[in-house]
Amino acid sequence: MKPELISRNRSFNGWHCRYQHLSIANHCDMTFSIYLPALVEDKKLPVLYWLSGLTCTDENFMQKAGARRMASDLGLILVAPDTSPRGEGVADDPAYDLGQGAGFYLNASQAPWEENFKMYDYIVFELPEIINTHFPANGNQSISGHSMGGHGALTIGLKNPGSYKSISAFSPIVNPSSCPWGIKAFRNYLGEDEDCWSEYDACMLFSNQNNNQLSPILIDQGEDDEFLKEQLLLENLEALTNNSKSNIQIQRHPGYDHSYFFIETFIDRHLQFHASHLG
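The following paragraphs examine the structure supplied in this document. (Residues numbered from 1 in each chain as written. Predicted model: local features only at pLDDT ≥ 70, side-chain atom pairs only at ≥ 80, totals over all residues. Heavy atoms only, no water.)

### A look at the packing of aromatic side chains
Tallied over the full model, the rule gives 16 aromatic pairs. For the ring pair Trp50 and Phe61, a centre distance of 4.2 Å and an interplane angle of 15° mean the geometry is stacked. With Trp50 in strand β4 (residues 45-51) and Phe61 in helix α1 (residues 59-64), this residue pair connects regions lying 11 residues apart in the sequence. Phe61 shares its class with Trp50; the two are buried. A centroid spacing of 5.7 Å and a plane angle of 85° characterise the contact between Phe170 and Phe262, whose relative ring orientation is edge-to-face. Placement of the pair is Phe170 in strand β7 (residues 167-170) and Phe262 in helix α10 (residues 260-278), with a sequence separation of 92 residues. (Phe/Tyr/Trp six-rings, centres within 6.5 Å; stacked < 30°, edge-to-face > 60°. Helix = DSSP H or I, 4+ residues; strand = E, 2+ residues; numbered from the N terminus. Buried < 20%, exposed > 50% of the residue type's maximum accessible area, 1.4 Å probe, protein only.)

This is the structure in structure tokens:
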């Protein structure tokens, strides 16, 4: 279904737009933001999908990350979907870390979430089909994200080798099966069978992956991040990658926290990383 334009703003000679459409995967209306550089007037361009974190919408990254200038220079289309289904009739929870705003980029199998919370299918299949059909995209794509969205970018990239030219993450939840945010989400969305959880856990996916098939991965983490020790558990992924020959870069940054101040500081590095692999 053709997406409906909500708003349109000129930015760095390109256009920042918001769209809404009826999602087949999630059985409700979904919203996404897209930045189209001026270069799309001359040719089709590659796409970088950005997945945001808990409580965010499609607007946080576009308004706070300062990514449009570099995306314009590099000729990258930016696509930022919402973090979950929303609206009347969509299941929700009073807590910030479950329900609307907290989709965790998985396919829920438990009531009452299974009807609408199919964010994995939405990100991997439905949204790219919409973008490639209705916008000047050339079919090459990469994926990135922050926190819960970093979890989504890593797991989606690892589960779909060859579909994404490159993968990156800021402050990702890398081992959700072992942290409070992830355990709560997985029990509610997926049930008590922890074998199902492993399908959405970057550490478990990485340990079972053929590293020769991995797309290049870039991870940046602030060392003053208040969620690093209890929720993000980056050291668990570092332990798996230290002795591997995979194409993964992990860099820690003293003094930086979990906020968009950290993201805007290093977003150009991520965009250039993706552009180098997207061609």
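### Points about helix α3 (residues 119-134)
Of all the bends in α3, the greatest, near 35°, is centred on Glu126, and the proline Pro128 appears no more than four residues after it. When we look at burial in α3, the residues that qualify are Met119, Tyr120, Tyr122, Ile123, Val124, Glu126, Leu127, Pro128, Ile130 and Ile131. Contacts from the buried residues of α3 go to β2 (14-23), β3 (28-36), β4, β5 (77-81), β6 (137-145) and α4 (148-159). (Bend = angle between axes of the 7 residues up to and from the residue. Contact = heavy atoms within 4.5 Å.)

### Quick notes on the environment of Leu158
Here Leu158 lies in helix α4. In this structure the C-alpha to C-alpha distance between Leu158 and Asn13, which are 145 residues apart in sequence, comes to 35 Å.

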